[in-house]
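Chain residues, written in single-letter form:
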Amino acid sequence: MKLIGKINKNLDKLMYRRHKFKQAILREYYKIEAKYRYTGLYLFSRFLTGIELVVACLVLLSVLHLTSLINLTFLSSLFDTLPVLSNDINRQLVFSQVSITFIITSLFSLILSLKKEKVLGTSIYTITFAKSIFGNLILVSMAVFALLFLNIFFYIKEKSPEVILPLFLITLGIFSFFILKIILFTNSSKISREKIGSIYIWENRRVIRKGLKDNFLKKRKESEYLFNLSEDTHEKILRRDVEYVRNFYAFERVTNISLYNYKSEIQEYHLEGVRSPDTIEYWIGAIQALLRMELYTDALNQYIRLLNLFIRHEVYISSTELADLLKQIFSAISATKNKVIFEQNKEKMLAAMTSTMKYSYYKINNDFSYTRLGKLNMAIPFAVSDSFLIDYYNIIDKKLDLNELEKSYELSAFFEKIRMISHEVTSLAHLTDVIKSNEMYHEALYSNGNLNLIGDPLSKLIILLIQERKTSRILYFLKHFNNDSIYYSCLIVATKLTSLYFYVEPNKRGVIINNLMMVLTKLIEWNDYQIKIHCYQLRQAAKSGYIENAYSYSSQSLDSRDLEYLSIVRQTVMMRRKEVNIESIDFSNKKLGEIAKLFSEVEKDLLNKAHDKVADDFKENFGVLYLL
């Protein structure tokens, strides 16, 4: 068995290395894409803007030169190459310029209509004339009419006929520029997407890097382009226009490329309390908008995609909005009290819980010491809520109008899914190269993964079942679960029950004793070494402050007041495992002696007998027909 276990562990490590190699290749690809493709597109558009500025300056200088307000030699040489036309031809040019001028002004209505047509949240007008001098329609209108009136003036006065042709050519050039730009961006959605994509990536990068350089108390300015993408997404969600899916793709694409290129900066940026919104913030806001419009399936899909993206990049994003987002989704679905909505979304809800647990891994294992706050020993990432198992349970048990048999089926499926999730979440496949100084922690981590990822929320669910006196449901976990996470949960639950036992009056301890004995009986199955290292892990987490990031969720399972009772639980289980004669021991710790004596009187097959009794009660209530 040890050989098989060693082979499996080596296979897991091999798969992980393969995963890391694949990620490295993808990272290089996206670095190249962001550095050369999108950055190249953005810089090319800025280069064209520079050319436009040069052309605009040349046009202004040419007009001033042609009107004899200034005299520039190189322009004189240029215009001398143009032929001097006859009066008839000049008249035709002036009339043609009148037509071109009014055609240009008529184009303005078409250009304005482009503001209504959007690609990835930004109007085609904005994409076409983004950061362009000629995008200012008022300025262009004044220029073309000024050129027209100048040519009319020169023609009527019959003064400087050689000026008419250059002024006509300038007007024709402006007309050609508008026509070519409109044709280019209205007939090729790919070019439009590539250009706006490059702008989004550049703007997101600017927001992150400028935010890290500025004083963290300085008021931050939002990116106009990213804000427009967010606003368009919200508008489409309100109209229930399915095109909002494309906008979510834009959020994901920009965030993905950004994480491949400067994920450490993004992780640091989100640790700061005051910041301008980036694509991640806008993405979370759009998911909340989906919730408000009761689009629960899409909200869950986007939540899962968001967290899976962070998991793939092994990054933890500190965000108050993200921390409570799953709770908000579950609360919204719970409020509907609708079986159909629950059935449509339950698989997504379970997947969302799995992703949340995997994502929380990076809160306690990522190194934040490189950040500004980390250097000040003040890096406190916001943790996600660990109430999701309770929230899901409450939907089934309290919010849906289910009879007892239907509840039993739904809860059995849920509990079985937790069992499967526990194997997935605590596996080595998602481990990263963490930096931890404690040897005992390393041993706990690499022997069976981070048990607290599933153990903390599971312990809270078991405590809820104990509070509601749902013995049959408690026994489902104690009898059928054998993953290490259930034992980790039992350590927490037993500690809490022991603490409560000594807190209440003796005549109220009966119900506490029954549950405590069942949980302690389950812990006997765990080996001494696992109990030792995980008690140590819980003790370290309880001693540490919030600032030390010792725990992965928004609330601690145990605090420093529980350490005495954790020690009592550990020693009680150890003595029972080693079959120590309790009666022969004179305990200096009276509390330990009391619990140890109570537990020594409990039969080893307590769980089997309790399970059989519950099964008999179930058959008595529902008969044998439930087996159909």
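Cut-off values and rules
Residues numbered from 1 in each chain as written. Predicted model: local features only at pLDDT ≥ 70, side-chain atom pairs only at ≥ 80, totals over all residues. Heavy atoms only, no water. Helix = DSSP H or I, 4+ residues; strand = E, 2+ residues; numbered from the N terminus. Buried < 20%, exposed > 50% of the residue type's maximum accessible area, 1.4 Å probe, protein only. Contact = heavy atoms within 4.5 Å. Areas by Shrake-Rupley, 256 points an atom, 1.4 Å probe, with all protein chains shown as cover. Salt bridge = Lys/Arg side-chain N within 4 Å of Asp/Glu carboxyl O. Patch = residues over 30% accessible without salt bridge, like charges linked within 9 Å, V, L, I, M, F, W, Y side chains within 5 Å. Phe/Tyr/Trp six-rings, centres within 6.5 Å; stacked < 30°, edge-to-face > 60°. Lys NZ or Arg CZ within 6 Å of the ring centre and 35° of its normal. Axes fitted to C-alpha atoms, helices over the stretch in contact; angles between N-to-C directions. Parallel < 35°, antiparallel > 145°, perpendicular 65-115°, else oblique. Left-handed = near helix turned anticlockwise from the far one by under 90°. Nonpolar A, V, L, I, M, F, W, Y, C, P; charged D, E, K, R; others polar. pLDDT = per-residue confidence, 0-100. Polar contact = N/O pair within 3.5 Å; in protein donor to acceptor, adjacent residues only side chain to side chain. Expected span 1.5 Å × (residues − 1).

**Side note on the overall build of the protein**
Counting its regular elements, the protein contains 26 helices and two strands. Sorting the 628 residues of the protein into buried and exposed places 49% on the buried side. Expressed as a percentage of contacts within the protein between residues at least 6 apart in sequence, the contacts between residues at least 24 apart total 78%. For the protein, the computed accessible surface area is about 30,900 Å², with 58% contributed by carbon and sulfur atoms.

**Notes on the pattern of salt bridges**
Within the structure shown, the criterion is met by 25 salt bridges. One salt bridge in this structure joins Glu 343 and Lys 346, with 3.4 Å as the shortest N-O distance. Pair noted here: Glu 343 and Lys 346 are both in helix 14 (residues 339-365), with a separation of three residues, about one helical turn. Salt bridges sharing common partners tie together Asp 397, Lys 398, Lys 407, Glu 468 and Arg 473.

**Things to note about a nonpolar patch on the surface**
Residues Phe 47, Ile 51 and Val 55 make up a contiguous nonpolar surface patch of about 250 Å² in total accessible area. As for its position among the elements, Phe 47 is in helix 1 (residues 2-66).

**Some thoughts on the packing of aromatic side chains**
All told, the structure shown has 15 aromatic pairs when counted by the stated rule. With a centroid separation of 4.7 Å and an interplanar angle of 15 degrees, the aromatic rings of Tyr 316 and Tyr 359 are classed as stacked. Placement of Tyr 316 in the loop between helix 11 (296-313) and helix 12 (320-323) and of Tyr 359 in helix 14 is noted, with a sequence separation of 43 residues between them. The same class applies to Tyr 316 and to Tyr 359, which are both buried. Ring pairing ties together the aromatic residues Phe 330, Phe 342, Tyr 392, Phe 414, Phe 415, Tyr 476, Phe 477 and Phe 481, which thus form one cluster. Taking the ring centre of Tyr 262 as reference, the NZ or CZ of Arg 209 above it sits at 5.0 Å. Directly above the aromatic system of Phe 502 lies the positively charged group of Lys 591, at a separation of 5.5 Å from the ring centroid.

**Remarks on the packing of helix 16 (residues 388-399) against helix 17 (residues 404-425)**
The axes of two packed helices give the description: the angle between them and the distance between them. At a minimum axis distance of 10 Å, the contact between helix 16 and helix 17 shows a crossing angle of 165 degrees. For the element pair helix 16 / helix 17, the angle class is roughly antiparallel. Of the two possible hands of crossing, helix 16 and helix 17 adopt the one that is right-handed. Note on element contacts: helix 17 touches helix 16 through Lys 407, Glu 410, Leu 411, Phe 414, Phe 415 and Ile 418, opposite Leu 389, Tyr 392, Tyr 393, Ile 396 and Asp 397. Partitioning the contact of helix 16 with helix 17 into residue classes produces eight nonpolar, no polar and three charged.

**Remarks on the confidence of the model for the protein**
Overall, the predicted model of the protein reaches an average pLDDT of 80, with 79% of residues at or above 70. In the model of the protein, helix 18 (residues 439-448) stands out as the element of lowest mean pLDDT, 45, in contrast to helix 10 (residues 279-292), which has the highest, 95.

**Things to note about helix 25 (residues 590-600)**
Leu 592, Gly 593, Ile 595, Ala 596 and Phe 599 are the residues of helix 25 that are buried. With a side-chain oxygen lying 3.1 Å from the backbone nitrogen of Lys 591, the N-terminal cap of helix 25 falls on Asn 589.

**Regarding the environment of Val 163**
Checked against the element boundaries, Val 163 lands in the loop between helix 5 (137-157) and helix 6 (164-186). Its relative accessible area of 3% is what places Val 163 among the buried residues. Val 163 sits 96 residues away from Thr 67 along the chain, and the two C-alpha atoms are 8.2 Å apart.

**Some details on helix 22 (residues 510-523)**
Helix length check: helix 22, at 14 residues, gives a terminal C-alpha distance of 20 Å against a target of 20 Å (1.5 Å per residue), a fit within 8%. With 10 of 14 residues buried, helix 22 lies mostly within the body of the structure. Buried residues of helix 22: Ile 512, Asn 515, Leu 516, Met 517, Met 518, Val 519, Leu 520, Thr 521, Lys 522 and Leu 523, and no others.

**Describing the side chain of Lys 522**
By secondary structure assignment, the location of Lys 522 is in helix 22. For Lys 522, a relative accessible area of 1% gives the class buried. For Lys 522, the residues in contact, after removing those within four places along its chain, are Phe 477, Leu 478, Phe 481, Ile 486, Tyr 487, Cys 490 and Leu 607.

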